[in-house]
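Topology and contacts: notes
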Amino acid sequence: MAKAQKLAGDRTVEIAAGDVGGQVLAAGLVDEVAMDVTPVVFGSGKRYFGSVAAQHLLEDPHVVIQGNRVLHLRYRVRR
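Residues numbered from 1 in each chain as written. Predicted model: local features only at pLDDT ≥ 70, side-chain atom pairs only at ≥ 80, totals over all residues. Heavy atoms only, no water.

1. A word on helix H2 (residues 19-26)
Test applied: We call a residue buried when its accessible area falls under 20% of the maximum for its residue type, exposed when it is over 50%, and partly exposed in between, using a 1.4 Å probe and counting protein chains only. Put simply, DSSP marks the helices as runs of H or I at least four residues long and the strands as runs of E at least two long, and each gets a number from the N terminus on. The reported arc concerns the directions from the helix axis to the C-beta atoms and nothing else.
Along H2, the residues that are buried comprise Gly-21, Gly-22, Val-24 and Leu-25. Summarising the axial view, the buried residues of H2 lie within an arc of 165°, below the 170-degree limit, and thus occupy one face. Of the residues in H2, the exposed ones pointing more than 90 degrees away from the buried face are Val-20 and Gln-23. In the stretch just after H2, Gly-28 is the one whose phi turns positive, near 75°.

Shown next as structure tokens:
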């Protein structure tokens, strides 16, 4: 994460969900979570942020954009 922040300078660093995203969230380095929800079922589910042990609360979405068969959501991480 330090390397990504150094390379980004004053730009935004984006991290994908899954185990890496969960690790960065658990480390308290996530300011905002962006989700794009589509009506597709892939079979057995996986946790969005992998195996995060602790609870992390998100604020109500501050951006909600209804698209064509997609819903774009942006949540700030509660501190």
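2. Some thoughts on the environment of Glu-59
Put simply, the rule reads: Under the rule applied, a polar contact is a pair of N or O atoms within 3.5 Å (in protein, one hydrogen donor and one hydrogen acceptor; residues adjacent in sequence only if both atoms are side-chain atoms).
With respect to the secondary-structure elements, Glu-59 resides in the loop between strand S1 (32-37) and strand S2 (63-66). Taking the C-alpha atoms as reference points, Glu-59 and Gly-43, 16 residues apart in sequence, are found 29 Å from one another. Among the polar contacts listed, one links the side chain of Glu-59 to the side chain of Arg-78, at a separation of 3.3 Å.

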